[in-house]
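Spelled out, the chains give:
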Amino acid sequence: MQNYASIGYAVRLVLLMSFLQFTSCKDSSKIDTGSDTANPTQLWIPYDESNDLSASAKHEIERMRYKLIQSKVLDKNAVFEPLYHEVLKMTEEEYQRLKPLILEQDIPTIQNHIAQGIFNYETLTRFFLYRVYQYELNKETTLNAIIALNPNVIEEAKNRDRDAKSQTHHPIYGMPVLLKDNIGTTEMKTTAGAIALMENETDDAFVVSRLKEKGALILGKVNLSEWAYFFCSGCPVGYSALGGQTLNPYGRGIFETGGSSSGSGVAIAANYAVAAVGTETSGSILSPSGQNSIVGLKPTVGLLSRTGIVPISSTLDTPGPMTKNVIDNGILLDAMRGFDEFDEESVQADWKEFWYRPEAKVNLKGKRFGVFKDLVENEPVYKHALDKIEESGGILVVLDVPKPSMEGFISILNIDMRNDLPNYIQTQVRNRDAVKFNSIAELVTFNRQDSLIRMPYGQALFEGILADGTTETELKEIKRILQSSTRDFFASFFDNHNLDAVLSVNNKHASYAAAAKYPALTVPMGFKTSGEPVNLTIIAKQYQEGKLYDVGTAFEKVTQARKSPQGYE
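Bear in mind that the values here come from a model prediction, so they are computed numbers and not experimental data. (Residues numbered from 1 in each chain as written. Predicted model: local features only at pLDDT ≥ 70, side-chain atom pairs only at ≥ 80, totals over all residues. Heavy atoms only, no water.)

Novice: Describe in detail the overall build of the chain, supporting the description with residues and values.
Specialist: Of regular secondary structure, the chain possesses 22 helices and 13 strands. Taken over the C-alpha trace, the chain has a radius of gyration of 23 Å; the compact-globule value for 569 residues is 25 Å, and the two agree within 12%. Seen through its C-alpha atoms, the chain measures out along the principal axes to roughly 70 × 55 × 50 Å. Looking at the 569 residues of the chain, the share that counts as buried comes to 62%. Taking the contacts inside the chain whose residues are at least 6 apart along the sequence as the reference set, 77% of them involve residues at least 24 apart. Distance from the positive charge centre (58 side chains) to the negative charge centre (70 side chains) of the chain: 2 Å. (Helix = DSSP H or I, 4+ residues; strand = E, 2+ residues; numbered from the N terminus. Rg over C-alpha atoms; globule rule 2.2 N^0.38 Å. Buried < 20%, exposed > 50% of the residue type's maximum accessible area, 1.4 Å probe, protein only. Contact = heavy atoms within 4.5 Å. Lys, Arg positive; Asp, Glu negative; His and termini not counted. Charge placed at Lys NZ, Arg CZ, Asp CG, Glu CD.)

Next up, the structure:
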């Protein structure tokens, strides 16, 4: 609230006057806030959500019975006012002209348009901002996805245009990218969706530094399931005390967003940016990617650095790319790679040049895939996708093997977070005067001081961290057993049947891949009869991301399953 108050009436008046001058000179449509009592000096006015909450109280999924939708903490005007004058520079006519050139187009296509002079990086960035303002400031379409914007992004885009021809650039150069708000960047706070961290100032996370080195534009931060969904139990996915309830563009309040990279998933589904970065411990990229019909990769643990990311588990955590198509996913992954001496899991992986660029000859013919018997019998969209694979020459091997026990998995998360979060606070937080917490116990106490605002769904998982008495010796043994048993589980498929990959649905086998530290790529495969998206998830062995991209690209070409959500075309 303090940030918004400091803007003052004078600046709001200037914005209003510039808007009036702009609309009087150009045939352009005002960004509609959808408010019945619109105040022209404010971009966003909180609305009466009682009808939406009453409707959600009848939802068949218990955790989708929301207690609130709008944030009680975040001032959207503070987020959106600073760049409003830049958005006003784009006319509706120009926006409509650019839509077929940008929406649902992959990075190489967009870069080609820029190279031809059809538009530039500044215009590209303003285009995405226009969409964000158009949908996020209208109560009928807001997804509660954007919780911070980089105030410097237009100036940075101008710099990309100025330097574009000075040398050869990585394909991510000039592309607007969104970050899940547990990933550090200097321009914006890093909150993990928690009020306790709402003033948290950090340096760039390692992967953000890599993106900036290659010329990517950090457009803003997106909402998430608070503390990466390791906070409350049975609570809605996509909810955070700071950002409110994230909503799925394919069915606002009807379908879950998936979590915990909820904002990353819905923002890319709605075409708010070229790409987004999410994080996963167990399913947090795969789940929202599947729920929002986008491509998400959970890479091999260690391929991407975790330094500068609010942690759950140093054993299992990893960032990963979330995009609308496979080639963009590979480009974003490549842009974030690099050896980090401060991350003990980091590896120096060498890739052949342009490994992320799929060749036209990539296909499914002769590839061998393990498929799960129960999913074949119970998931019609999965069965249809498998039929497509067989028609394309893929070979399916039906698997019906008992799943390994995951006993002790929760203790890995509990004990790791109990140790890793204090280490993050001590090493990454620059303003310790504003973020004074040193332990999970202190955070639990802080949240109890105002439970309705800070923890309306409780904090059962945080309390579980405190109650877990697992010793370091016991934890080490749990990690050893789980990694061994889950790798044996997958080895029984890969080795016994000479498989190229195992095929699952969304995040149904995410915990097994997580414990094994295996990579998984999820690609749109269709929609249920209700209109809810469903993804095919492809699992391979460690450091076989290249194989995942080959299979994912071939499957994407065969199915062309992704469709923009209605109302966000």
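Back to the write-up after that little detour.
Novice: Mind laying out the packing of aromatic side chains, listing which residues take part and the relevant values?
Specialist: Tallied over the entire structure, the rule returns 20 aromatic pairs. Between F80 and Y133 the ring centres are 5.0 Å apart and the planes differ by 90°, which places this aromatic pair in the edge-to-face class. Of the two residues, F80 sits in helix α3 (residues 76-80) while Y133 sits in helix α7 (residues 121-136), which places them 53 residues apart along the sequence. Assessed through its relative accessible area of 0%, F80 is described here as buried. For Y133, a relative accessible area of 0% corresponds to the buried category. In this structure, K76 is placed above the aromatic ring of W44, and the distance from its NZ or CZ to the ring centre is 3.9 Å. (Phe/Tyr/Trp six-rings, centres within 6.5 Å; stacked < 30°, edge-to-face > 60°. Lys NZ or Arg CZ within 6 Å of the ring centre and 35° of its normal.)

Novice: Can you lay out helix α17 (residues 440-448) for me, pointing to particular residues and giving the numbers?
Specialist: Side chains that are three or four residues apart share a direction in an α-helix, a result of its 3.6 residues per turn. Listing the buried residues of α17 in full gives I440, L443, V444, F446 and N447. The buried residues of α17 occupy an angular sector of 160° when projected down its axis, which confines them to one face. For α17, the elements touching its buried residues are α10 (226-229), α16 (409-428), α18 (451-454) and α19 (460-467). (Arc of directions from axis to C-beta.)

Novice: Can you lay out the side chain of K298 for me, pointing to particular residues and giving the numbers?
Specialist: On the secondary structure map, K298 appears in strand β7 (residues 295-298). For the buried K298, which has no salt bridge, the nearest side chain bearing the opposite charge is E280, at an N-O separation of 5.4 Å. A polar contact of 2.6 Å, which involves the side chain of K298, links it to the backbone oxygen of Y518. When residues no more than four places from it in sequence are discounted, the contact partners of K298 are E280, L286, T318, A513, A514, K517, Y518, P519 and A520. (Salt bridge = Lys/Arg side-chain N within 4 Å of Asp/Glu carboxyl O. Polar contact = N/O pair within 3.5 Å; in protein donor to acceptor, adjacent residues only side chain to side chain.)

Novice: Got a sec to walk through empty space enclosed by the protein? Specific residues and values, please.
Specialist: Taken as a whole and judged by the stated rule, the model has 5 cavities of 30 Å³ or more. N182, T279, T281, V310 and D317 are the residues nearest the centre of the largest cavity, which is lined by 15 residues in total. Broken down by secondary-structure element, the contributors of at least two residues to the lining of the largest cavity are β6 (275-280) and β8 (318-323). In terms of residue class, the lining of the largest cavity is made up of 6 nonpolar, 6 polar and 3 charged. (1 Å grid on protein atoms, 1.4 Å probe; cavity = no way out; pocket = protein on both sides within 12 Å on 5 of 7 lines; lining within 4 Å. Points joined across faces, edges and corners; volume = space filled by probe spheres on them. Nonpolar A, V, L, I, M, F, W, Y, C, P; charged D, E, K, R; others polar.)

Novice: An account of the state of the cysteines is needed here, citing residue identities and associated values.
Specialist: Summed over all chains, the structure comprises 1 disulfide. The disulfide that involves C232 links it to C235, with 1.9 Å between the sulfurs. Measuring handedness by torsion sign, the sulfur bridge of C232 and C235 sits at about 80° and is right-handed. Across the pair, C235 and C232 agree in class, each one buried. (Disulfide = S-S within 2.5 Å.)

Novice: Describe the sheet that holds β6, listing the residues and the values that go with them.
Specialist: Here 11 strands make up an open sheet; going across it, the order is β1-β3-β2-β6-β8-β7-β12-β13-β11-β9-β10 and the pairing mixed. Each having just a single partner strand, β1 (146-149) and β10 (395-399) make up the two edges of the open sheet. Mean inter-strand twist for the sheet, computed between neighbouring axes without regard to direction, equals 30°. In this structure, β6 lies alongside β8, joined through 6 bridges in antiparallel fashion. Looking at β8, one finds that A275 is bridged to T323. Packed on one face of the sheet, helix α9 (residues 206-213) meets β2 (176-180), β3 (217-222), β6 and β8 and runs near 145° to β3. Strand contacts of helix α22 (residues 545-559): β7, β8, β9 (368-372), β12 (520-527) and β13 (533-539), with the helix running at about 10° to β12, the strand carrying the most contacts. (Pairing = 2+ DSSP bridges. Axes fitted to C-alpha atoms, helices over the stretch in contact; angles between N-to-C directions.)

Novice: An account of the pairing of strand β11 (residues 501-505) is needed here, citing residue identities and associated values.
Specialist: Most of β11 sits out of view: 5 of its 5 residues are buried. Looking at chain direction, β9 and β11 are connected through 3 bridges and run parallel. Pairing of V371 across the sheet is with L503, part of β11. In the sheet, β11 pairs with β13 via 4 bridges, with the strands oriented antiparallel.

Novice: Could you give an account of the side chain of K76, naming the residues involved and the relevant values?
Specialist: Mapped onto the elements of the fold, K76 is located in helix α3. One buried charged residue, K76, forms no salt bridge at all, with the nearest opposite charge on E136 at 4.5 Å. Here the side chain of K76 touches E136 through a polar contact of 3.0 Å, landing on its backbone oxygen.

Novice: Which residues make up the environment of S305, and what values do they have?
Specialist: Within the secondary structure layout, S305 lies in the loop between β7 and β8. Looking at S305, the relative accessible area reads 0%, which means it is buried. Along the primary structure S305 and A205 are separated by 100 residues, whereas in three dimensions their C-alpha atoms are 8.5 Å apart. Among the polar contacts made by the side chain of S305, one reaches the side chain of D340 at a distance of 2.6 Å.

Novice: Tell me about the nonpolar core, and name the residues and values.
Specialist: In terms of nonpolar packing, the biggest core is built from 174 residues, with Y133, I172, W227, Y272, Y382 and F490 touching the most fellow members. Look past the residues within four positions of F490 in its chain and what remains in contact with it is Y512, A513, A516, Y518 and I539. (Core = buried A, V, L, I, M, F, W, Y, C linked by side-chain atoms within 4.5 Å.)

Novice: Which residues make up the packing of α9 against helix α13 (residues 326-336), and what are the values?
Specialist: In contact at an axis separation of 7 Å, α9 and α13 are set at 105° when each is read in the N-to-C sense. Relative to α13, the element α9 is oriented roughly perpendicular. When α9 is examined against α13, the residues V207, R210 and L211 are found in contact with a partner set consisting of L332, A335 and M336. (Parallel < 35°, antiparallel > 145°, perpendicular 65-115°, else oblique.)

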